[in-house]
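Structural description and commentary
What follows is the residue order along each chain.
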Amino acid sequence: MTKIITPKPGIMDIELYVGGKSHAVGIENTVKLSSNENPFGPSPKAKDAYRNQTDFLAVYPSSDHNELRQAIANINRLNFEQVICGNGSDEIITFLCQAFAGVGDEVLFTEHGFGMYRICALGAGATPVEVPENSRVTDVDALIERCTENTKLIFIANPNNPTGTFIPLTEIERLIDGVPKNILIILDGAYAEYVEGYDGGAQLVEMHENVVMTRTFSKVYGLGGLRIGWGYASPEVVDILARLRGPFNINRAALSAAIAAVNDENYVNECLIQNNNCGNFLINEIRNLGFECDDTYANFILPRFIDENQADAANAALENAGLIVRQVKGYNLHNCLRITIGKEVDCYRVINTLKKFKENQS
Ligand SMILES: Cc1ncc(COP(=O)(O)O)c(C=O)c1O
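Keep in mind that what you see is a predicted model, and the values were worked out from it rather than measured.

Comments concerning the overall build of the chain
The number of helices and strands found in the chain is 12 helices and 14 strands. Rg of the C-alpha trace for the chain: 21 Å, near the compact-globule value of 21 Å for 362 residues, within the 12% margin. The dimensions of the chain, computed from C-alpha atoms along their principal axes, are 60 × 55 × 50 Å. For the chain, buried positions account for 46% of its 362 residues. Restricting the contact set of the chain to residue pairs at least 6 apart, pairs at least 24 apart contribute 73%.

Below you can see the structure in the form of structure tokens.
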């Protein structure tokens, strides 16, 4: 039978997203280290703000998000009118592809770039283009070389997920100088807070009309479940994206919690210190066990095993011990596992399990 109902070209090329596992059947005391969530959750002030909305559930939320945009701008020293909020930074990525890329246009991202770039490019009818990295690090020269007259968007996650690697501002400046000004460069800063002294590229946004920054409340702010992200762009780009935004794309409980979360700088700093200490411990111990692992600039690590079989076996050993980590075969990293940096106790469990695993292997 001929199909009458068919989607636009590109849609059926999108592979359904597979999220991080959260359970291991029959195993108790599991801990989820598969989605780069903050193991401490959000600030207690954000939880209170969320609870305080229960009497107002019938009332539509603010449509302009002014209070949240103002709070984000104050804390990050940004221009309020250049901030746009989304239902997770995923939504800002979607708007960018919808607004700026269509059939015949190319959307560039790096070899192990975040999966939503491909999905959103295809969803907009554009052609996703994967550009090689240099040993899991964004390769600016390769990106510049791969630009054509059809290139409309370049996405760079910095730090990158799932590699955890980072390129300095000087490299990003080289990219900006090296590509035509009509190409939008998106600096995805989902993990920017984890890099001390890094503004996610905010200053570059203020200097260049073709640079956009995206950020999220899902990582260090511990609000992944509420879906809040934001973008920082020139007023012209914000105006374009705002036309695609549903008027009530962020619910009122999420708005309130995010305002409280962004204002609680002490809590965020405490979480960053813990993450840094535990991340250093994990990487040192993993290297001591003889596994390779790049330095991380985020809240996860990516140990590399000898081959896919060993990575599968390590994954099974961790899962049997109640530690649910992320296989990253979809990112063409068959011999790696991505492990979220959890609480100290979780990190000890990871290392003890890998120690036993190593002993059993030899
Ligand atoms: C690099 C990167 N960008 C964007 C996102 C999306 O985050 P959000 O929860 O804000 O949609 C993630 C989530 O894991 C990510 O790793």
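There's more to say after this.
Some remarks on unusual backbone geometry
With an omega of -5°, the peptide bond between Asn158 and Pro159 qualifies as cis. Within the fold, Pro159 resides in the loop between strand S5 (151-157) and helix H6 (169-178). The omega angle of the peptide bond from Asn161 to Pro162 is 15°, so this bond is cis rather than trans. Within the secondary structure, Pro162 sits in the loop between S5 and H6. For His65, which is not glycine, the phi dihedral falls at a positive 55°. By secondary structure assignment, the location of His65 is in the loop between helix H1 (44-51) and helix H2 (66-76).

Details of the pairing of strand S6 (residues 184-188)
S6 sits mainly inside the fold: 5 of its 5 residues count as buried. In S6, alternate side chains face the same way, and those of Leu184, Ile186 and Asp188 on one face and Ile185 and Leu187 on the other are all buried. As judged from the 5 bridges shared by S5 and S6, these two strands associate in the parallel manner. Opposite Ile154, over in S6, you have Ile185 as the bridge partner. On the question of chirality, the crossover connecting S5 to the parallel S6 by way of H6 is right-handed. Sheet topology note: the S6/strand S7 (residues 211-216) ladder contains 4 bridges and is parallel. Within S7, the position partnered with Ile186 by the bridge is Val212.

A short note on the domain arrangement of the chain
The assigned domain composition of the chain is domain 1 (18-41 + 266-361) and domain 2 (45-263). Using only C-alpha atoms to locate each centre, domain 1 and domain 2 end up separated by 26 Å. Contacts between domain 1 and domain 2 engage 23 residues on the former and 19 residues on the latter. The greatest single-element share of the side of domain 1 that touches domain 2, amounting to 4 residues, is contributed by helix H10 (residues 265-288).

A short note on the site of the ligand
The local shell around the ligand holds 13 residues, among which Gly88, Asp90, Asn161, Thr216 and Ser218 are the closest. Taken together, the residues of the shell around the ligand break down into 3 nonpolar, 8 polar and 2 charged.

Structural notes on the nonpolar core
Within the largest apolar cluster, 108 residues are counted, with the highest numbers of intra-cluster contacts made by Leu96, Cys97, Val107, Leu153, Ala257 and Ala258. Sorting elements by how many residues they give to this core places helix H9 (residues 252-263) first, with 8 residues. Both domains that furnish three or more residues to this core are identified here as domain 1 (18-41 + 266-361) and domain 2 (45-263).

What counts and what doesn't
Residues numbered from 1 in each chain as written. Predicted model: local features only at pLDDT ≥ 70, side-chain atom pairs only at ≥ 80, totals over all residues. Helix = DSSP H or I, 4+ residues; strand = E, 2+ residues; numbered from the N terminus. Rg over C-alpha atoms; globule rule 2.2 N^0.38 Å. Buried ≥ 20, exposed ≤ 12 C-beta atoms within 10 Å, placed from the backbone. Contact = placed C-beta atoms within 7 Å. Pairing = 2+ DSSP bridges. Right-handed = clockwise from strand over helix to strand, strands pointing away. Domains from an automatic or database assignment. Near = placed C-beta within 6 Å. Nonpolar A, V, L, I, M, F, W, Y, C, P; charged D, E, K, R; others polar. Core = buried A, V, L, I, M, F, W, Y, C linked by C-beta atoms within 7 Å.

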